Each structure stands twice: as C-alpha cells, then as structure tokens.
Amino acid sequence: MTSNILITVLTNIDASKSLNDQQWGLLTNQARSAKLLGRLYYLLRQSENISFIPQSIAWHYLAAFKVAERQRRDAIREAFEISQALIQKGITPTFIKGSAYAINGLPITYGRLMSDIDVLVSKNEISTAESALFACGWLKTKMDNYDEKYYRQWMHEIPPLRQLARQTVLDLHHNILPLTNKHSFDANMLSKELVQHTAIKESYTLSEIDMVIHSTVHLFTESEFNNGLRDLSDLDMLIRHFSHENDNFINELVARANQLGLAKYIWLSLRYTQLVFKTPIADASIRQLNYNSKITIHTSSLDFCFLNIFKPDHKSCTDWKTNLAQLILYWRGHFIRMPLKLLIPHLLKKSWMQIKDRFEKDKEPLDHMN
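Just so you know, these numbers come straight off a predicted model, no measurement behind them.

Draft legend 1. Broad picture of the overall build of the protein. Helix and strand counts for the protein stand at 15 helices and seven strands. In summary, the protein has a C-alpha radius of gyration of 22 Å against a globular reference of 21 Å for 370 residues, a match within 12%. The principal-axis extent of the C-alpha atoms belonging to the protein is close to 65 × 55 × 45 Å. A total of 370 residues make up the protein; the buried ones form 49% of that total. Look at the contacts in the protein between residues 6 or more apart in sequence, and 68% of them connect residues 24 or more apart.

Draft legend 2. Fine view of the side chain of T205. Of note, T205 is situated in strand β7 (residues 204-206). For T205, a relative accessible area of 2% puts it in the buried group. Of note is the side chain of T205, whose polar atom sits 3.2 Å from the side chain of N104.

Draft legend 3. Structural detail: the domain arrangement of the protein. In terms of domains, the protein is made up of domain 1 (1-53), domain 2 (67-206) and domain 3 (208-357). On the side of domain 3, 14 residues touch domain 1, which itself brings 15 residues to the contact. Approximately 1300 Å² of surface area, both sides summed, lies buried where domain 1 meets domain 3, with 64% of it carried by carbon and sulfur atoms. Interface area lost by domain 1 to domain 3 is led by I7, T11 and R39, which between them contribute 34%. Counting across the interface, domain 1 meets domain 3 through one salt bridge. Where R39 meets D234, a salt bridge forms, and the shortest distance between an N and an O atom there is 2.7 Å. Taken together, domain 1 and domain 3 are joined by four residue pairs in polar contact (both at pLDDT 80 or more). Elements supplying a minimum of two residues to the side of domain 1 that touches domain 3: α1 (5-11), α2 (21-33) and α3 (37-46). Among the residues making up the side of domain 1 that touches domain 3, the classes are represented as seven nonpolar, six polar and two charged.

Draft legend 4. Spotlight on α3. The element α3 is largely enclosed, with a buried count of seven among its 10 residues. Structurally, α3 contributes buried residues whose contacts are with α1, α2, α4 (55-87) and α9 (228-245). In the stretch just after α3, E48 is the one whose phi turns positive, near 60 degrees.

Draft legend 5. The environment of L307, seen in detail. With respect to the helices and strands, the residue L307 is situated in helix α13 (residues 297-309). Under the relative-accessibility criterion, L307 is labelled partly exposed at 33%. Put simply, L307 and A325 are 18 residues apart on the chain and 8.8 Å apart in space, counted from C-alpha to C-alpha. When residues no more than four places from it in sequence are discounted, the contact partners of L307 are Y272, L275, V276 and L302.

Calculation notes
- Residues numbered from 1 in each chain as written.
- Predicted model: local features only at pLDDT ≥ 70, side-chain atom pairs only at ≥ 80, totals over all residues.
- Heavy atoms only, no water.
- Helix = DSSP H or I, 4+ residues; strand = E, 2+ residues; numbered from the N terminus.
- Rg over C-alpha atoms; globule rule 2.2 N^0.38 Å.
- Buried < 20%, exposed > 50% of the residue type's maximum accessible area, 1.4 Å probe, protein only.
- Contact = heavy atoms within 4.5 Å.
- Polar contact = N/O pair within 3.5 Å; in protein donor to acceptor, adjacent residues only side chain to side chain.
- Domains from an automatic or database assignment.
- Buried area = accessible area lost by both parts, 1.4 Å probe.
- Salt bridge = Lys/Arg side-chain N within 4 Å of Asp/Glu carboxyl O.
- Nonpolar A, V, L, I, M, F, W, Y, C, P; charged D, E, K, R; others polar.

Below, the structure written as structure tokens:
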C-alpha cells in the first residue's frame, strides 16, 4: 500500500477491505485534508464496503457526509430563491458547478463539500441581476476600489455576493473564462439544458459536455490548488458517469473542445484523470484533440507540477516537490489569466497596496501613543 492511500482506495474502492486500523487512520486524515471524506463515505456506501470502516472512526465519515448533504439541500433551496428573484426580472439563470450537480442529482454531488453558489447570466443582464439579488438580501462583499474595478473590467464574474441572513456566497458569472484569457470565447456559445428539478423551474444548467468543459477550465486555469484533488475527482466522476450513459461521450467532448478552442485544457483534464484516477479513456480519442501532445520538456514539466499537486494536502504526501509545484503553478495561473502588459502593472499595483496597508498598520500604534 503506497503512502498516498487515498488515491489507492478511490481508484479501487475494494482495497478498503484489506486496510488495518493504522491505514484507516491515515486514509481518514488524507481524505479530510483533501475535502473528500464525505465523498469517500458515499463511495464506500455505494460499493457496500461501509462496514469495513472501524467503529472508532466511523462517525467521522458519517459526520462529513451529513455536512455535505446539508450543503446539497441548502444549494437547491438557494437555487430556487435565486431563480425566482431573477425570473421576475426576465432573466433565466444558468446554474453551474456544484449547484448544477446538486440540481441534477448527479452522483458527484453526494458527499461533496460546496463553498458557494455559481450562476451564469448574459453580460448585458449583470446589472439587472445584481439589483434583483440585492433586493433579496444578496450584498457585495467588502472590497477596495481597485479590486472592484479589476473584477468588473477584466474578470468573468462580478465581486462575490453574500446572503445577509444565511451568509451563503454567490458568484455571479457572465462567462466561464476571464476576458483577459486568450482562450476566452462568447458565453452564448455554451450549450444549456432546462432544469428538470421539480422545485426549480425556468432555469438552466450547462449541457453534460459543457459541464465537463467548465469544470476543466475552472481547474486548469487556477493559480491556487487548495481543492485540486477534489476538483480532479469531480472530473473523474463526471466523465465516468456521462460515459456510462453515452458510449460516445469522450469523442463528443473532444469534438466540442476543438470547436471552442479549448483542446489544450481538455487534454490536461483527460491526461491527469487517467494518470491519477485511472479514468477509462481511449488514447485514440485523446489523439483527436487539436493539440500537440507529444511527450516534450513542457509536458514533463506539467507532469511534475500536476502530479505533485493532485495529492492530499497531508504531511504523508507532501514534500519539497509539492512546494515547488505550487509556486510554478501559481505563476502559471497568473500568466494564463492575463497577458504580461496587464499582469505586470496589476502585480505592481497589488504589491504597492500591500506595502501601503502594512505601513499604515505599523504606524497606527505610534499615532495612538502620541
């Protein structure tokens, strides 16, 4: 059994049958650090392996699953209220990411922790949508003027909104990629499907293929990977589920990625779900991507970074290579997000603001003493 016991069990759930108490303890700690404890409980239950969890730690799994279940139900309730608020203004919302998984009842949603609700509307509807949500208690989070302008001018979403009563966070999107990303495209090209949930009417989620594409670009354009392994596990479960329902799913996904100019991101997604989770994907399908994926120094560098990132954030799995991979991917994410002519002034401005804030904080006690 390798030190990365979580990946071993996630890729072969029956491996849980042979774990000793010490290994179960390590598995529990790794799963918790990766925010996958609730999902692991769900998979163990679905495979009828739940009885192998030692009684002394079984409550950790059940508690994690119950927290995720509460978040799933809360997400559906929030989606209902958000859709009602927007529909009254003539806006039909599209729910994306975790809220979409919950609404559609996908296997991925069970045991999955959620941090916010993500909604997509047309860019010309942003102002109206923001006003409608404000009237229902969704307020802007505190942010300085520079960051506010940065969000609204360059990003694919406005600054996060927070529900005054319930403290739920809402990200209101008008695209799935920042406008400064060279692969950004017109969000009207995204394919949507009408929500089938009985409690939520006149709303949409992305199609199954575009759901995977969004999850992919969200993960592989990040500069911080606190939830990296969880997000890669999302992709593994989505691909397995949709491929089970549609034998041609991967080929359709590849064709769609080529159409949208996102072949590189889908290549990354298929490569690392294969390498980490052994997701069943035919190499012949991957070769149809409009991306030169021959093994090169660049590919080797990506492998070093992502294979050292897609691990539990636990001392049993991390070392100096993890720290180096985090640093490289942090800067990679920034370079992807915006070109150098925008990135350098942005970083200089942010650095100056941090120095200024620190100087003012250091100065406050002296002023008080005087």
